[in-house]
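Structural overview for review
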Amino acid sequence: MHTEYSAPKRFSSTGTNAMRGDGTKMGADRSQSYQDDRGLTGESVGRPAGAGIRIGVVGVGYWGSKQLRVMQSTPGVARAVAIDARLPLLSGMGHLLANGGGYTSLRAALPHIDAVVVATPPASHVEVALEAIRAGKHVLVEKPMATSPAGARQLIDAARAAGVTLMTGHTFEYNGAVMMLRELVESQELGDLYYLDSARLNLGLYQSDVNVVSDLAPHDISIANYVLGSTPTSVRAWGSHHVDPVFEDVAHLELDYADIGVGAHIHVSWLDPRKVRLVTAVGSKKMAVFDDTDAAERIRVHDKAVLPNTDRRSPSRFSYHQGAITSPVVPFEEPLAVQARHFIECMRTGTAPRTDGANGLAVVEVIEAAQLSLAQDRRVQLEEVAGDGPSLPGLVPAPPSSTAPSSPAPSAAAASVTATAASVRA
């Protein structure tokens, strides 16, 4: 069966009966050290309760550097440090080694941090996150959580065993405009929802370890799952290699949410002259558009609809309603900052993140089904990639070996972060 997923409104999971990302209750079964120190485990036990949380960002390339900036200014964070084997070579980062604000390996940083943000290339997410989890650290893993459902389940199981918070970086679920889009759908302001349509296009940036589906589509899958409060039952994908001989650089996904009778269409491309970030929700009464590139009007509600024509004298079968276009006020707050605060809140209170392990797994399963659909040119049922079976081979090729210098005696996971500066997860 496909993964059950129902995203909570705002941050509503509270109390000792909240569910963890692994689907089990939090609270009573937490390790004693976790309970005693309100979210600080391992070598952090015994630190003053008000000392704040120490966070390490593994991989400080394009996106990781943003995570580092946000974490450094997040309430409740005592310090945020950079962890990257190439730190001495990164512009503006070398000084962090001298002042204790950076490390060239995760192993060296672990005794000095309470939590880890994994912002390395996707193929290394599981390896890096597992090293942190097994050391008793809370972990936020950037999207996609893993490159296979088996890897995502491994992280969920490890987090359960260690009693730590596992969170997935599905940033758009912390975006005020996406929250409003969900509210418009839930309240039936749009009427009965017909379908969602998403487009995430740009000229580049080509990735070296994944295709355009794994790179860009997780955002739109996460948005669709959140807005619809469900997960797909089947996926059909098709794509093309235009410039990259190994990975698809243009792709289309058709997601069927059969349990609620809604479809979602996703177009992703590294080969488009425009930067497009659009999600359109079409209902029986109205239509709404989320445009993430329009800072002034991120949400527009179109009072437009196509209706059966009840006038028998008219030759047309349909009538067209054309009303006003309104743009609700959506107070903007950087989604990455909202996500960071929620991560800290979950660590301190033991509540389940809204984008927990199950949330991350749900997206990874859709990606896996899409990869299988691309490979076999057919519609794939989500139940084919769900469950505890082995990961399907060859759908996400491993990245090439890095030639960057490694730090002295690095851990295996630390060695995998060497390519992060070129990694862009837009």
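Up top is the structure these notes are about.
What this report covers is the structure whose coordinates are included nearby. (Residues numbered from 1 in each chain as written. Predicted model: local features only at pLDDT ≥ 70, side-chain atom pairs only at ≥ 80, totals over all residues. Heavy atoms only, no water.)

Some words on the overall build of the protein
- Helix and strand counts for the protein come out as 11 helices and 15 strands.
- Residue burial in the protein is summarised as follows: out of 426 residues, 55% are buried.
- Contacts in the protein between residues far apart in sequence, at least 24 positions, make up 69% of those at least 6 positions apart. (Helix = DSSP H or I, 4+ residues; strand = E, 2+ residues; numbered from the N terminus. Buried < 20%, exposed > 50% of the residue type's maximum accessible area, 1.4 Å probe, protein only. Contact = heavy atoms within 4.5 Å.)

Description of the pattern of salt bridges
- Under the criterion given, the structure shown has 14 salt bridges.
- Among the ionic pairs, Arg341 bridges to Glu333, the shortest N-O distance being 2.7 Å.
- Arg341 gets classed as partly exposed once you look at its relative accessible area, which sits at 34%.
- Exposure remark for Glu333: the relative accessible area of 39% places this residue in the partly exposed category. (Salt bridge = Lys/Arg side-chain N within 4 Å of Asp/Glu carboxyl O.)

Thoughts on a nonpolar patch on the surface
- On the surface, a cluster of nonpolar side chains totalling about 290 Å² of accessible area is made up of Leu203, Val243 and Leu271.
- Following the sequence through the fold, Leu203 ends up in strand E7 (residues 193-203).
- What makes Leu203 exposed here is its relative accessible area of 60%. (Patch = residues over 30% accessible without salt bridge, like charges linked within 9 Å, V, L, I, M, F, W, Y side chains within 5 Å. Areas by Shrake-Rupley, 256 points an atom, 1.4 Å probe, with all protein chains shown as cover.)

Regarding the nonpolar core
- With 48 residues, the main nonpolar core has Val213, Ile221, Leu253 and Leu255 as its most contacted residues.
- With residues near it in sequence (within four places) discarded, Leu253 still touches Val213, Ala217, Ile221, Arg236, Ala237, Ala264, His265, Ile266 and Ala370. (Core = buried A, V, L, I, M, F, W, Y, C linked by side-chain atoms within 4.5 Å.)

Quick look at the packing of helix H6 (residues 149-162) against helix H10 (residues 357-376)
- In contact at an axis separation of 9 Å, H6 and H10 are set at 170° when each is read in the N-to-C sense. Between H6 and H10, the angle falls in the class roughly antiparallel. In this structure, H6 contributes Pro149, Ala152, Arg153 and Ile156 to the contact, and H10 contributes Gly357, Ala358, Leu361, Val364, Glu365 and Glu368.
- Of the residues in the contact of H6 with H10, the class split is 6 nonpolar, 1 polar and 3 charged. (Axes fitted to C-alpha atoms, helices over the stretch in contact; angles between N-to-C directions. Parallel < 35°, antiparallel > 145°, perpendicular 65-115°, else oblique. Nonpolar A, V, L, I, M, F, W, Y, C, P; charged D, E, K, R; others polar.)

Some points on the packing of aromatic side chains
- Under the criterion given, the structure shown has 2 aromatic pairs.
- Consider the rings of Phe172 and Phe290, whose centres lie 6.4 Å apart with planes at 70°: the pair is edge-to-face. A residue pair is termed long-range when its members are at least 10 positions apart, and Phe172 in the loop between strand E6 (166-169) and helix H7 (176-186) and Phe290 in strand E12 (residues 287-291) qualify at 118 residues. Note on accessibility: Phe172 and Phe290 belong to one class, buried.
- Each ring, one from Tyr206 and one from Trp270, has its centre 5.0 Å from the other, and the planes form 50°; the classification is tilted. Of this pair, Tyr206 sits in the loop between E7 and helix H8 (212-228) while Trp270 sits in the loop between strand E10 (262-269) and strand E11 (271-283), placing them 64 residues apart in sequence.
- Under the relative-accessibility criterion, Trp270 is labelled buried at 1%.
- The ring of Tyr226 is capped by Arg182, whose NZ or CZ atom sits 4.8 Å from the centre of that ring.
- A cation sits over an aromatic face here: Arg354 above Tyr174, 5.1 Å from the ring centre. (Phe/Tyr/Trp six-rings, centres within 6.5 Å; stacked < 30°, edge-to-face > 60°. Lys NZ or Arg CZ within 6 Å of the ring centre and 35° of its normal.)

Some thoughts on unusual backbone geometry
- Cis geometry is found at the peptide bond from Lys143 to Pro144, where omega equals -15°.
- Backbone geometry places Asp377, a non-glycine residue, at a positive phi of 55°.
- The topology assignment puts Asp377 in the loop between H10 and strand E15 (380-381).

Topic: the sheet that holds strand E5 (residues 138-142)
- Pairing within the open sheet is parallel, and its 6 strands lie in the order E3-E2-E1-E4-E5-E6. Edge strands, defined here as strands with exactly one partner in the open sheet, are strand E3 (102-103) and E6. (Pairing = 2+ DSSP bridges.)

Quick notes on the pairing of strand E2 (residues 77-83)
- Counting buried residues along E2, 5 of its 7 residues qualify, which places the element largely inside the surrounding structure.
- Note: strand E1 (residues 53-58) against E2, 6 bridges, orientation parallel. Bridging from a neighbouring strand, Ile53 pairs with Val77 of E2.
- Taking the sense of rotation as the criterion, the β-α-β connection linking E1, helix H2 (residues 62-72) and E2 turns out right-handed.
- Of the pairings in the sheet, the one linking E2 to E3 comprises 2 bridges and is parallel in character. Pairing of Ala82 across the sheet is with Gly102, part of E3. (Right-handed = clockwise from strand over helix to strand, strands pointing away.)

As for the packing of H7 against H8
- Packing of H7 against H8 leaves a shortest axis separation of 8 Å and a crossing angle of 40°. Regarding the angle of H7 to H8, the classification is oblique. Along this stretch, H7 crosses H8, giving a crossing that reads as right-handed. Touching Val178, Met179, Leu181, Arg182 and Val185 of H7 are Ile223, Tyr226 and Val227, all from H8.
- Of the residues in the contact of H7 with H8, the class split is 7 nonpolar, no polar and 1 charged. (Left-handed = near helix turned anticlockwise from the far one by under 90°.)

Here's the deal with the pairing of E7
- Relative to E11, E7 runs antiparallel, the two being bridged by 9 bridges. Directly across from Leu201, in E11, lies its bridge partner Val276.
- By the bridge criterion, 7 bridges tie E7 to E10 in an arrangement that is parallel. The partner of Leu196 across the bridge, within E10, is Ala264.

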